[in-house]
Amino acid sequence: MEPVVLSLGGSVLIAEEPDTSYIRKLAKILIGISSKRKLYVVTGGGRIARYYIRAGRDLGADESFLDEMGIEVTRLNARLLITALGDRANHSPPKNYDEAVLSGRTHSIVVMGGVSPGITTDAVSALLAERVKASILVNATSVDGAYSADPKKDPDAKRIPRMTHADLIKLVGSGGGAGPHHIFDSVGAGVLARSKIALAIVDGTDLANLRDALEGKTFKGTLVQ
Ligand code: UTP
C-alpha cells in the first residue's frame, strides 16, 4: 500500500466554533482512503496555538518555550481527529518519527502533531514523508493553492497550478519565530526537494477535492514536483 502523508492545517480542523459535522465528514473520507493507502496525518495548531503563542510572548516566554506550547496544541488537535477516526487510528499522538513509523505497522491511519521546537507541522509532515517513503504529501490549508501574491490582500494574485521544488523554496523564503508562516514552511520545502517528494496544496474545506488529491487523482490547487 503506497503511503500518503496529509498535513492538516489547524485553521482547517479548528473553526471559530466547533464544526463536528466537518470533522465527521473528513474522518469518513480519511477512513475510506485508508483502505487503499496507508495514511499519516499531521495536525497543525491553528487559532488555539496562536492564542497561546501570543499570550505567552506577551508574558515574556522565550521562543522555544512558545514552540513547546504550540506543539502541545497540535497534539491536542491530533486527539480531536483521532476521536472522530475511532479504531482505525492510533490511540494517542506519536511524539517522534520512530513512534509514528511503529504505529503505522499496526494502524491504517496514524495521526500526530508537532515534534520539536523551531519548526512547524509542515516540516514534520515532510520529514515523516521521508521516513515512510511517501511519494506525495498533501497540504490541506485555508487557501486553494500557492498564489503569486497574498490573495487576501492583492486582487491580482494568481493561483499557480504547478511549480518546481526550486520555485517553492524561492516562494517561501526563510522562516521566523514561533507563530504563523507561509503557505508551506521553508524547512519542509527543503526536505521535500532533497527527497523529491511531490507536494499537493489544496483547500482543506473542499473535501471532495481533498479526497481526489489524497487518491492521486487530478485536483484543484498547486502541484509541486
Ligand atoms: P503549526 O504547524 O500549526 O504552525 O504549529 P503555523 O505555521 O504557526 O500554523 P499555520 O499553518 O499558519 O496555521 C503551531 C506552532 O507550534 C510550534 C510552532 O511555534 C508553530 O508555529 N511547533 C509546531 C513547533 O515548534 N514544532 C513542531 O514540530 C510543530
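Model, not experiment: these values are computed from the prediction.

What counts and what doesn't
Residues numbered from 1 in each chain as written. Predicted model: local features only at pLDDT ≥ 70, side-chain atom pairs only at ≥ 80, totals over all residues. Heavy atoms only, no water. Helix = DSSP H or I, 4+ residues; strand = E, 2+ residues; numbered from the N terminus. Rg over C-alpha atoms; globule rule 2.2 N^0.38 Å. Buried < 20%, exposed > 50% of the residue type's maximum accessible area, 1.4 Å probe, protein only. Contact = heavy atoms within 4.5 Å. Areas by Shrake-Rupley, 256 points an atom, 1.4 Å probe, with all protein chains shown as cover. Patch = residues over 30% accessible without salt bridge, like charges linked within 9 Å, V, L, I, M, F, W, Y side chains within 5 Å. Salt bridge = Lys/Arg side-chain N within 4 Å of Asp/Glu carboxyl O. Axes fitted to C-alpha atoms, helices over the stretch in contact; angles between N-to-C directions. Parallel < 35°, antiparallel > 145°, perpendicular 65-115°, else oblique. Left-handed = near helix turned anticlockwise from the far one by under 90°. Nonpolar A, V, L, I, M, F, W, Y, C, P; charged D, E, K, R; others polar. Core = buried A, V, L, I, M, F, W, Y, C linked by side-chain atoms within 4.5 Å. Pairing = 2+ DSSP bridges. Expected span 1.5 Å × (residues − 1).

**Student:** When you look at the overall build of the chain in this model, what are you seeing that I'm missing?
**Tutor:** Each helix and strand counted, the chain has 9 helices and 7 strands in total. For 225 residues, the compact-globule estimate of 2.2 N^0.38 gives 17 Å, and the chain sits close to it at 16 Å. With respect to the three principal axes, the spread of C-alpha positions in the chain is 40 × 40 × 35 Å. Buried residues in the chain amount to 51% of all 225 residues. Excluding contacts between residues fewer than 6 apart, the proportion of contacts in the chain whose partners are at least 24 apart in sequence is 70%. Looking at the chain as shown, the accessible area adds up to about 11,000 Å², and 53% of this sits on carbon and sulfur atoms.

**Student:** Explanation requested: a nonpolar patch on the surface in the structure shown.
**Tutor:** A cluster of nonpolar residues, I48, Y51 and Y52, forms a patch on the protein surface that exposes about 320 Å² of accessible area. The residue Y51 is located in helix α3 (residues 46-58) in this model.

**Student:** What is the right way to look at the packing of helix α6 (residues 121-131) against helix α8 (residues 186-194) in this model?
**Tutor:** To describe two helices that pack against each other, one gives the angle between their axes and the distance between the axes. Packing of α6 against α8 brings their axes to within 7 Å, and their N-to-C directions diverge by 20 degrees. The orientation of α6 with respect to α8, classified from their angle, is roughly parallel. In this structure, α6 meets α8 at a crossing whose hand is left-handed. Residues D122, A123, A126, L127 and E130 of α6 lie in contact with α8, whose contacting residues are V187, G188, V191, L192 and R194. Looking at side-chain class alone, the contact of α6 with α8 contains 6 nonpolar, 1 polar and 3 charged residues.

**Student:** Before we go on, may I ask you to explain unusual backbone geometry in this structure?
**Tutor:** Trans is the prevailing form of peptide bonds, just as negative phi is the prevailing case for residues other than glycine. One non-glycine residue, K133, adopts positive backbone phi at about 60 degrees. By the element assignment, K133 lies in the loop between α6 and β4 (136-141). A positive phi angle, near 50 degrees, is found at K196, a position not held by glycine.

**Student:** Is there a simple way to explain the nonpolar core in this structure?
**Tutor:** Generally speaking, nonpolar side chains in soluble globular proteins are found buried as a group. Counting residues in hydrophobic clusters, the biggest one holds 34 residues, and the most contacted among them are L30 and L81. Tallying contributions element by element places helix α2 (residues 20-34) first for this core, with 7 residues. Core analysis: the second largest hydrophobic core is formed by 29 residues, A126, A129, A146 and I183 among them.

**Student:** Would you explain the sheet that holds strand β7 (residues 222-224) in this entry?
**Tutor:** Think of a sheet as strands paired side by side through backbone hydrogen bonds, with each pair either parallel or antiparallel. Strand order in the open sheet made by the 7 strands is β3-β2-β1-β4-β6-β7-β5, with mixed pairing throughout. Of all strands in the sheet, those bounded by a partner on one side alone are β3 (109-112) and β5 (162-163). When strand β2 (residues 39-43) meets β3, the two strands line up parallel, connected through 4 bridges. Bridge pairing in β3 places V41 opposite V111.

**Student:** When you look at the pairing of strand β6 (residues 198-203) in this model, what are you seeing that I'm missing?
**Tutor:** Sheet faces and side chains relate simply in a regular strand, where the side chains alternate between the two faces. Counting buried residues along β6, 6 of its 6 residues qualify, which places the element largely inside the surrounding structure. Burial along β6 is two-sided: A198, A200 and V202 and L199, I201 and D203, pointing in opposite directions, are all buried. Examined bridge by bridge, β4 and β6 share 6 bridges and lie parallel to one another. When the sheet's bridge partners are listed, N139 is paired in β6 with I201.

**Student:** Where do I start with helix α4 (residues 63-85) in this structure?
**Tutor:** In an α-helix, one full turn covers 3.6 residues, which means residues spaced three or four apart are oriented alike. The first and last C-alpha atoms of α4 sit 33 Å apart over 23 residues, in line with the 33 Å expected at 1.5 Å per residue. Taken together, the buried positions of α4 are L66, D67, G70, I71, V73, T74, R75, N77, A78, L81, I82 and L85. Following α4 by one or two positions, G86 has its phi on the positive side, about 70 degrees.

Note that all results are geometric; they support no functional claim without further evidence.
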